[in-house]
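# An overview of the molecular structure
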Amino acid sequence: MSTFEGPATSEGPASFEGKVALVTGGSRGIGRGISQALADSGAEVVVAARGLEGAERTAAEIVESGGKARGISLDIGDDASVEAGVKALVSDYGTIPLLVNNAGITRDNLLLRMKKDEWDHVIGTNLTGIYRMCRAVVPSMVKKRFGRIVNVTSVVGSMGNPGQSNYAASKSGIEGFSRSLARELASRNITVNCVAPGFIETDMTADLGEDTRKKLLDQVPIKRLGTPQDVAAAVSFLLGDGASYITGCTLEVNGGMYM
Ligand SMILES: NC(=O)c1ccc[n+]([C@@H]2O[C@H](COP(=O)([O-])OP(=O)(O)OC[C@H]3O[C@@H](n4cnc5c(N)ncnc54)[C@H](OP(=O)(O)O)[C@@H]3O)[C@@H](O)[C@H]2O)c1
């Protein structure tokens, strides 16, 4: 006889029917995969990126495939852009129940050559950008007593990587930020989790030479690069009802590269 005493569940794949999802950096790469997956599960997706054209292109692809989406221009590195963008969305929808903070950048350099500007740009976008987004979106979640936030970090935040001290600091900073926010917001039915991708095939990784690519693959026990869909599946899980008792966690999606 089972000693398990928890509630029986029959959760199928997540359904986001009737929910709005805001995905930053949704126009390309991982964010595009996340946007498509959430729309496939019924969410109305707001694809946000600095470039309006790219955001609208991805939204149009989603609509073409039968989903609901719109594209907006929003720069997570800019206070005024985040405030105005989120204010307009909250006025349209009342709240943004699902928030995926995916946008992120790199400006790689060894510390001895790293300019202050390269440091500031990465921290100001990746880390302060997530503070800006949460600061803007969370009040409406609190009011509605519901919210699901997933922040996209990186395996590099845990492992470190030469030439990426700025990026690694931003990504592990996001994880500490997320755990604190998870504690602050748990009583309001708002969960805050992270997804930490490993080596994923996108524009961000397209420039790596064959040599670097092979060396990286040698570190991946599952012996293939990840796809945006691999990351999107983890994000969907953490946003869905099946994860309502999970907060403050980081789900690693790295093919076993770091464990
Ligand atoms: N690719 C990987 O192997 C990998 C591994 C681990 C973690 N990650 C993380 O996963 C996330 C997505 O990476 P990716 O590889 O998919 O990146 P990507 O292909 O370079 O796409 C970046 C997306 O973010 C948007 N973006 C950039 N700066 C922005 C800003 N200031 N405000 C709003 N949107 C902005 C871009 O559109 P615009 O240029 O139009 O703004 C684009 O939609 C990042 O947080 C990255 O750190 C990636």
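These notes cover the structure that comes with them. (Residues numbered from 1 in each chain as written. Predicted model: local features only at pLDDT ≥ 70, side-chain atom pairs only at ≥ 80, totals over all residues. Heavy atoms only, no water.)

### Notes on the environment of Gly160
Selection rule: Helix and strand labels come from DSSP, where a helix needs a run of H or I of at least four residues and a strand needs a run of E of at least two; each type is numbered from the N terminus. Think of it in three bands: with a 1.4 Å probe and only protein chains considered, a residue is buried below 20% of the maximum accessible area for its type, exposed above 50%, and partly exposed in between.
Checked against the element boundaries, Gly160 lands in the loop between helix H5 (155-159) and helix H6 (165-185). For Gly160, a relative accessible area of 35% puts it in the partly exposed group. Along the sequence, Gly160 and Met141 sit 19 residues apart, while their C-alpha atoms lie 33 Å from each other.

### Thoughts on the side chain of Asn109
Rules: Between N or O atoms, a polar contact is any pair within 3.5 Å; within protein, one atom must be a potential hydrogen donor and the other a potential acceptor, and residues adjacent in sequence are included only when both atoms are from side chains.
Secondary-structure assignment places Asn109 in the loop between strand E4 (98-101) and helix H4 (116-144). Within the structure, the side chain of Asn109 is placed 3.2 Å from the side chain of Glu118, a separation counted as a polar contact.

### Quick notes on the environment of Ala37
Stated formally: Any two residues whose heavy atoms approach within 4.5 Å are treated as being in contact.
Following the sequence through the fold, Ala37 ends up in helix H1 (residues 29-40). Expressed as a C-alpha distance, the spacing of Ala37 and Ala233, which sit 196 residues apart in the sequence, is 7.5 Å. Leave out the neighbours within four places in its chain, and Ala37 touches Ala232 and Ser236.

### Section: the nonpolar core
For clarity, the cut-off: The nonpolar core is taken to be a set of buried Ala, Val, Leu, Ile, Met, Phe, Trp, Tyr and Cys residues, with the residues joined through side-chain atoms within 4.5 Å.
Among the nonpolar cores identified, the biggest contains 30 residues, and Ile34, Leu38, Val100, Val195, Val235 and Leu239 are the most heavily contacted of them. Taken together, the elements giving at least two residues each to this core come down to strand E1 (20-24), H1, strand E2 (44-49), helix H2 (52-64), E4, strand E5 (147-152) and helix H9 (228-239). With six residues, the single largest contributor to this core is H9. For Ile34, the residues in contact, after removing those within four places along its chain, are Val23, Val100, Asn102, Val152, Ala232 and Val235. In this structure, Ile72, Val86, Ile96 and Val138 belong to the second largest nonpolar core, which totals 28 residues.

### Here's the deal with the site of the ligand
Basically, it comes down to this: By convention in these notes, a residue is near a molecule or strand provided one of its non-hydrogen atoms lies within 4 Å of it. Accessible surface area values rest on a Shrake-Rupley calculation with a 1.4 Å probe, where residue burial reflects the displayed protein chains alone. In this classification, Asp, Glu, Lys and Arg are treated as charged, Ala, Val, Leu, Ile, Met, Phe, Trp, Tyr, Cys and Pro as nonpolar, and every other residue, Gly included, as polar.
Surveying the vicinity of the ligand reveals 30 residues, the closest of which are Ser27, Arg50, Asn102, Tyr167 and Thr202. Between the ligand and Ser27 there is a distance of 2.7 Å, counted from an oxygen atom to a side-chain nitrogen or oxygen. One nitrogen or oxygen atom from the side chain of Tyr167 is found 2.5 Å from an oxygen atom belonging to the ligand. Here the ligand, which alone exposes 890 Å², has 94% of that area covered by the protein. When residues in the shell around the ligand are grouped by element, the largest group, three residues, is from helix H7 (residues 203-206). Here the residues of the shell around the ligand are counted per class, giving twelve nonpolar, 13 polar and five charged.

### Here we look at the pattern of salt bridges
Operational definition: Throughout this description, the term salt bridge denotes a Lys or Arg side-chain nitrogen within 4 Å of a carboxyl oxygen of Asp or Glu.
This model, assessed by the stated rule, comprises ten salt bridges. Between Asp120 and Lys116 there is a salt bridge whose closest N-O contact spans 3.0 Å. You can see Asp120 and its partner Lys116 sitting in helix H4, four residues apart, about one turn around the helix. Taking the shortest distance from any N to any O, the salt bridge between Asp230 and Arg224 comes out at 2.9 Å. Of the residues examined, Asp230 reaches a relative accessible area of 26% and is grouped as partly exposed. Given a relative accessible area of 43%, Arg224 falls into the partly exposed group.

### Observations concerning the environment of Arg132
Relative to the elements of secondary structure, Arg132 occurs in helix H4. You can call Arg132 buried: its relative accessible area is 14%. Those residues in contact with Arg132 that sit more than four places away from it in its chain are Ile76, Gly77, Asp78, Asp79, Val82 and Gly124. In this structure the side chain of Arg132 is engaged in a polar contact, spanning 2.6 Å, whose partner is the side chain of Asp79.

### A look at the side chain of Thr125
Within the secondary structure, Thr125 sits in helix H4. When its relative accessible area of 10% is taken as the criterion, Thr125 is described as buried. Not counting chain neighbours up to four residues away, the residues in contact with Thr125 comprise Ile76, Ile105 and Ile130.

### So, H4
Keep this limit in mind: Here the expected length of a helix is defined as 1.5 Å per residue gap, with one fewer gap than residues. Values of bend correspond, residue by residue, to the angle between axes fitted over the seven residues ending at that residue and the seven starting there.
Here H4 contains 29 residues, and its C-alpha end-to-end distance of 41 Å stays within 8% of the 42 Å for a straight helix at 1.5 Å per residue. Its axis deflected by about 40 degrees at Thr128, H4 carries its strongest bend there. Immediately beyond the C-terminal end of H4, within one or two residues, lies Arg145, with a positive phi of roughly 55 degrees.

None of this, on its own, says anything about what the molecule does.
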